[in-house]
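Chain and residue survey
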Amino acid sequence: MIKAMGLFLLMLLKIAGWLLLILLIILLAALLLVLFVPVHYDVLAKNERGMEPGQKNPAADLRLQLKVSWLLHLVYVSMQYGPDGLTNHIRVAGIDIPKFLAKRAEKKENRKKENHKSKNYKNENHKNRNAKKNKKSSKQESVTDEFLLQESLTEESITQDSVTEESVTEKSITQDSFVPTQENICQNDSTSEEIKKQKFENDKSEINQPGQDHLEQNNRKQNKSKQRNDGNRKHGVLKHGNRKHENPKHENPKHGNPKHEKIKQSKEKEKQNQKSKQNVLSKIRSQFRRFHQEFTDEVNRHALSRLWTELLKLLKSYKPRKLKADISFSLADPALTGMATGVISLMPVIYRYPCSIAPDFTSEKWYVEGEILARGRVTVFVFLLSLLRLLRDKKFMYVVRRLLKRGGA
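Definitions and limits used
Residues numbered from 1 in each chain as written. Predicted model: local features only at pLDDT ≥ 70, side-chain atom pairs only at ≥ 80, totals over all residues. Heavy atoms only, no water. Pairing = 2+ DSSP bridges. Helix = DSSP H or I, 4+ residues; strand = E, 2+ residues; numbered from the N terminus. Axes fitted to C-alpha atoms, helices over the stretch in contact; angles between N-to-C directions. Parallel < 35°, antiparallel > 145°, perpendicular 65-115°, else oblique. Contact = heavy atoms within 4.5 Å. Buried < 20%, exposed > 50% of the residue type's maximum accessible area, 1.4 Å probe, protein only. Patch = residues over 30% accessible without salt bridge, like charges linked within 9 Å, V, L, I, M, F, W, Y side chains within 5 Å. Areas by Shrake-Rupley, 256 points an atom, 1.4 Å probe, with all protein chains shown as cover. Salt bridge = Lys/Arg side-chain N within 4 Å of Asp/Glu carboxyl O. Lys, Arg positive; Asp, Glu negative; His and termini not counted. Charge placed at Lys NZ, Arg CZ, Asp CG, Glu CD.

Overview of the pairing of strand E6 (residues 322–331)
- By the bridge criterion, 10 bridges tie E6 to strand E8 (residues 366–378) in an arrangement that is antiparallel. By the bridge assignment, Ile327 is partnered in E8 with Gly370.
- With five bridges joining them, E6 and strand E7 (residues 355–359) adopt parallel strand pairing. Note on E7: the bridge partner recorded for Ile327 is Ile357.

Looking at the packing of helix H1 (residues 2–36) against helix H10 (residues 380–392)
- Put simply, H1 and H10 touch, their axes get as near as 5 Å, and they point 80° apart. Between H1 and H10, the angle is such that the two are roughly perpendicular. Across the interface between the two elements, Val34, Leu35 and Phe36 of H1 pack against Val380, Phe381 and Leu384 of H10.

A look at the environment of Thr379
- Structurally, Thr379 can be placed in the loop between E8 and H10.
- In the structure, Thr379 is positioned 339 residues away from His40 in sequence and 9.0 Å away in space, judged by C-alpha atoms.

As for unusual backbone geometry
- Non-glycine residue Leu71 carries a positive phi angle of around 60°.
- Of note, Leu71 is situated in the loop between strand E2 (63–70) and strand E3 (75–82).
- With a phi close to 55°, Leu72 is a non-glycine residue in the positive phi region.
- Tracing the sequence through the fold places Leu72 in the loop between E2 and E3.
- Residue Leu72 is classed as exposed on the basis of its relative accessible area of 83%.

Some remarks on a positive patch on the surface
- A cluster of basic residues, Arg91, Lys99, Lys103, Arg104, Lys107, Lys108, Arg111 and Lys112, forms a positive patch at the surface.
- Here Lys108 lies in helix H2 (residues 97–177).
- A relative accessible area of 49% places Lys108 in the partly exposed class.

Shown next as structure tokens:
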């Protein structure tokens, strides 16, 4: 039994080891493919001359096309730009990803709609069941209410009969028992007189109270008016004593004239403008001095030269392997077209590749007509090599750290 268990465990370990080895091989193969398999690119630019008389834009019929493929078109990307706009096509292993994503989104929407319909159907069934239950309960309640009303009516009739009988008996008893006497009559007269006296006194107090309140208010108003008159007299004495300050001869004319204020404001504005100009000039001078110091520094110059050489190497490796051009152009002026042809002829690209560029000196409108085709490839390994060279250079990394510290500060 123990041997069988051990053999089983050994088999499991072998299987796990083989699986890990296969995964490592797959990862290494994918890494090598990414590093060494180039990405091919294909660029096409085409333009036609505008034959319409009112057309001013010479690039109205311009069409651009970019195609990128990797690993025998396993990954394929194409982008097109023209009068209709921009269009994209992305394929991975022959599957069009935008269409696949659109179909997936449509399926999700359809599922949501179906779920929503099923939920609505369930809610409607539930509502119908509740309505039926409510109808049954309402019928039962109506029957019970009618029964209760009949019982209440019968009980009320019985109580009314009993109450009428009791009232008749009480009246008979009171008529027989109640006999007025002289003492009761005297007491009632005395109480009525006392009540009348109290009402008369209350009416007097109510009549006299508003008159007293009115007198108190008048007294308060008189006291306030006296205090105001006393204060105004005091202020008048003070104003009369300080007539010198009110005399316009003793006022400062600068504060009163608006001309002097305008002159002051204009002078202040001129001073502010001069200060701002001086600050801007000082900033420009300081930046120019700083740039001159950094450019003349040997470390910075070494870093720039190193970066420039690496960029040239990348351009050599990524430049187009095939280039075709068939172009005719005009700048609506023979002098300008001649200058443009001279500048283009100085470029070495024209001599290395089959390119035909024909200037038109006779047309009165400027245009560009023809097509340009460029094909090349890009490898990641070349980019990584140049990056490793730059990272190994101590002077370049010193400059990079210094720039990062300045940016962070």
